[in-house]
Number of protein chains: 2
Amino acid sequence: MEIVKKRIGIVGGGQLGKMMILEAKRLGFYVAVLDPGADCPAHSICDKHIVAAFDDPKGYAELAEYSDVITYEFEHINAKALEDLEKKGHVIYPSVTALKTIQNKNLQNIALEKNQIPIPRFSLVTNTDEIRECGKAENFGYPMMLKATTGGYDGKGNALIKTENDVEDAFKQLGNGAIEVMVEEFVDFEKEISIIACRGINGEKVVYPVAENTHKNSILDVTAVPANISQEISDKAADIANKVMSVFEGVGTFCIELFETKDGEISVNEVAPRPHNSGHYTIEGCFANQFENHIRAIVGLPFGDTSLIMPTVMVNLIGESDGPARLLGLEEAYNDPSVHVHYYGKSESKTDRKMGHYTVVGKTIDDTLHRAMELKKVVRVVGE
Amino acid sequence: MEIVKKRIGIVGGGQLGKMMILEAKRLGFYVAVLDPGADCPAHSICDKHIVAAFDDPKGYAELAEYSDVITYEFEHINAKALEDLEKKGHVIYPSVTALKTIQNKNLQNIALEKNQIPIPRFSLVTNTDEIRECGKAENFGYPMMLKATTGGYDGKGNALIKTENDVEDAFKQLGNGAIEVMVEEFVDFEKEISIIACRGINGEKVVYPVAENTHKNSILDVTAVPANISQEISDKAADIANKVMSVFEGVGTFCIELFETKDGEISVNEVAPRPHNSGHYTIEGCFANQFENHIRAIVGLPFGDTSLIMPTVMVNLIGESDGPARLLGLEEAYNDPSVHVHYYGKSESKTDRKMGHYTVVGKTIDDTLHRAMELKKVVRVVGE
């Protein structure tokens, strides 16, 4: 089949799906989307919108009817439904095997550990006694993290256990045994960095420059590229990213979130089998962005240039309050010609909801960061 | 009204409309399109598609219902219908006054001449005697161009009169007096160059780098930037572009096509009140492209950076034959990571129809041109 005639199906019509479609449409691909939200961000630019829940097998079957290749914009979806489609011969990238492993933080860690990829120590636990056992000085020691093995994102599904006194509360907070949980050694990190990597159907791999991230309330706030790290750390991160793509035989764009520890080591925090918020900077910052290369990967095309055009800073626009969304400060932001604002088109603002982002480019990262930070006072999204 | 809540109406859903929408959607604008083609390139990504002829006042009225600001992707449209809307208070950019002047090559030339902008000598003619009068050595002399004053594009509506013997045929070819025609002095040009310029509602102006164009069968074939011209010519072109934007009080992105003559002068060939094929290079070549800045202009936002990232060459993908469209060589093209292919999504290829384009970037214009030219053998569109 002629490549541009492939119909692409995307599970999820949020901002990541929308940005995938904007790239897919440059080559004229037909795109179908599965999303329960009738006016989700991707709605107005997809060819076919299947309004169905993310756990509804009928919705997945309908998506498959309209798609020659299926991908997804987030990982907390019905892997069983996708698996059934894969068994029927439908093409899904990244593969359901990779998805199922990555969906479960415990399985993800086991796979990474088995392949000598550095991660924090971890242990599946089923009760508070086991958690306390982990907390002993000869094991992980306090503080440590309790994590739901599935369904977590933006800090949800995580609980910090500072001392033994927090054990009961943390266990209750994460379902009191109703869901699978694990303890992870606490990483006293110096920096949070991430790296976007892509792998093709034929195994070809490319990586993007390392990004440096700061979070606020466990939600990504700012990404700066290049990261303020040594060449050695940068090389290590690229090496790890390449290994991760091989371990999962990932086809598409992945994000590998890493910690740089205070003693100059790095360790994988989390792998996402999809384009990632910390890779939005690539739209203006790189010659071919993470969404374009994701589309190229899943349809079987070679990759575009992932190198950095110039220092780039991405800032998330997080809803400050609830109500009909209102974007403030757009004109003032655009008084700086190096600024690009992306507004996802969500009609309702909610506190902590990702409503958009903006990107600033410049000659030096210091100047770019400075201008990006100044704009935070101006460009905001509120609920009216 | 909050800027991002403005609904944008576009007359024309071809590739230019499609590329405008791709930029408009980054900020989440609602976009309605008027186009008679049920599966025109913009169809699948617009919010509302009004299927109506370009001369149908009802279609324009319906477009206005769904739009807070109306623009157009080409100039051969129903100015009267737009004028009626403007009188009713609808906002149209570029203005109908500018459109009506530019639509008519004679009025366009008169406006340019009146403002001391260099153009070839010209004369409205109504019969062959008047054409012969123009051909006299003491007037324009042969060769000269006979041009329909309205409706021409891609060489259509033009006839070259090499000698007096061609006068009758040329006049017949252009309607034998049924339509308004004019004679233009023939410009023995050294180079064809063009410059994209933008002007805001508040009069703010920006220009892009000068592009060098080559045509094949009167259709744009290749655009290379930077143009191989002197700084003096480049400055003159920018100066003319700025003047043209002021003359027409143009709001939006315009293209000014120019000739560089053999004696080192420049003269305006044609003004288009819209983004232009010779500005497609700006998508990969510049920080903010011609479509983004067009959208910014018509909604009242300041402009993005028009400067060149690095040398860029754009090559048109012109249909080689008739039939269901087939894009050849995409995978081979993408073996060069600096290549981006744009495929407009027209289902039918026709000989000489613009089906897509590709862009190559590189460190030097010579190397970039070389790679772009090599790819012409590979990336092609045929009718099956």
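Residues numbered from 1 in each chain as written. Chains lettered and ligands numbered in written order. Predicted model: local features only at pLDDT ≥ 70, side-chain atom pairs only at ≥ 80, totals over all residues. Heavy atoms only, no water.

Novice: Kindly report on the overall build of chain A, identifying the contributing residues and their values.
Specialist: Counting secondary structure elements, chain A contains 12 helices and 20 strands. Over its C-alpha atoms chain A spans a radius of gyration of 21 Å, differing by no more than 12% from the 21 Å that the globule rule assigns to 384 residues. Considering chain A as a whole, with its 384 residues, one finds that 59% of them fall into the buried category. Taking the contacts inside chain A whose residues are at least 6 apart along the sequence as the reference set, 61% of them involve residues at least 24 apart. A total of about 14,700 Å² of accessible surface is found on chain A, and carbon and sulfur atoms cover 49% of it. With 40 positive and 57 negative side-chain charges, chain A shows a separation of 4 Å between the mean positions of the two kinds. (Helix = DSSP H or I, 4+ residues; strand = E, 2+ residues; numbered from the N terminus. Rg over C-alpha atoms; globule rule 2.2 N^0.38 Å. Buried < 20%, exposed > 50% of the residue type's maximum accessible area, 1.4 Å probe, protein only. Contact = heavy atoms within 4.5 Å. Areas by Shrake-Rupley, 256 points an atom, 1.4 Å probe, with all protein chains shown as cover. Lys, Arg positive; Asp, Glu negative; His and termini not counted. Charge placed at Lys NZ, Arg CZ, Asp CG, Glu CD.)

Novice: Mind laying out the relation of the copies chain B and chain A, listing which residues take part and the relevant values?
Specialist: Superposing chain B onto chain A requires a rotation of 180 degrees together with a translation of 0.0 Å along the rotation axis, leaving an RMSD of 0.0 Å. On this basis, the relationship between the two copies can be described by a two-fold rotation axis. For chain B, the smallest separation between a C-alpha atom and the rotation axis is recorded for B:I45, amounting to 2.1 Å. Same-surface contact between copies: 100% of interface residues of chain B are shared with the interface of chain A. (Least-squares fit on C-alpha atoms with pLDDT ≥ 70 in both.)

Novice: Break down the interface of chain B and chain A for me, with residues and values.
Specialist: Every contact between the two is made by 44 residues of chain B and, on the other side, 44 residues of chain A. In this assembly, chain B packs against chain A so that about 3,700 Å² is buried in total across both faces, 58% of it on carbon and sulfur atoms. On inspection of chain B and its partner chain A, the count reaches 4 salt bridges. In this assembly, chain B and chain A are joined by 22 residue pairs in polar contact (both at pLDDT 80 or more). When contributions to the side of chain B that touches chain A are tallied by element, the ones reaching two or more residues are α1 (15–24), α10 (290–299), β16 (323–328), α11 (330–333) and β17 (339–343) of chain B. Broken down by element, the residue count for the side of chain B that touches chain A peaks at 5 residues, all from β17(B). Grouping the constituent residues of the side of chain B that touches chain A by class yields 24 nonpolar, 7 polar and 13 charged. (Buried area = accessible area lost by both parts, 1.4 Å probe. Salt bridge = Lys/Arg side-chain N within 4 Å of Asp/Glu carboxyl O. Polar contact = N/O pair within 3.5 Å; in protein donor to acceptor, adjacent residues only side chain to side chain. Nonpolar A, V, L, I, M, F, W, Y, C, P; charged D, E, K, R; others polar.)

Novice: I'd like a rundown of the packing of aromatic side chains, residues and numbers included.
Specialist: Summed over the entire model, instances satisfying the criterion amount to 4 aromatic pairs over all chains. Ring geometry for A:F54 versus A:F74: centroids 4.9 Å apart, planes at 70 degrees, classification edge-to-face. With a gap of 20 residues between them, A:F54 in the loop between β3 (48–50) and α2 (57–65) and A:F74 in the loop between β4 (69–72) and α3 (79–87) connect regions that are remote in the sequence. The ring of B:Y334 has A:R296 sitting right over it, with the charged end atom 3.6 Å from the ring centre. (Phe/Tyr/Trp six-rings, centres within 6.5 Å; stacked < 30°, edge-to-face > 60°. Lys NZ or Arg CZ within 6 Å of the ring centre and 35° of its normal.)

Novice: Mind laying out helix α3 (residues 79–87) of chain B, listing which residues take part and the relevant values?
Specialist: All names here are of chain B. Listed in full, the buried residues belonging to α3 are A79, A81, L82 and L85. In an axial view of α3, the angular spread of the buried residues amounts to 160 degrees, which keeps them on one side of the axis. Residues of α3 that are exposed and point more than 90 degrees away from the buried face comprise K80 and K87. Buried residues along α3 sit against α2 (57–65), β4 (69–72) and α4 (96–103). Where α3 begins, one side-chain oxygen reaches toward the backbone nitrogen of K80, 3.1 Å away; that side chain belongs to N78. One or two steps after α3, the chain reaches G89, where phi turns positive at roughly 100 degrees. (Arc of directions from axis to C-beta.)

Novice: Give a description of the pairing of strand β11 (residues 211–216) of chain B that names residues and reports values.
Specialist: Residues and elements named next belong to chain B. Pairing between strand β9 (residues 189–199) and β11: 3 bridges, direction antiparallel. Within β11, the position partnered with S194 by the bridge is A211. With 5 bridges connecting them, β11 and strand β12 (residues 219–225) associate as antiparallel partners. Of the residues in β12, the one forming a bridge with T214 is V222. The hairpin formed by β11 and β12 contains 2 residues between the paired strands, and N217 there has a positive phi angle of roughly 50 degrees. (Pairing = 2+ DSSP bridges.)

Novice: Quick one: what's the story with the pattern of salt bridges, residue by residue and with numbers?
Specialist: All names here are of chain B. According to the stated counting rule, one finds 54 salt bridges over all chains in the structure shown. With its nearest N and O atoms 2.8 Å apart, the salt bridge here joins K100 to E83. Residue K100 is found in helix α4, and its partner E83 is found in helix α3; the two are separated by 17 residues along the sequence. Classification of K100 by relative accessible area gives partly exposed; the value is 35%.

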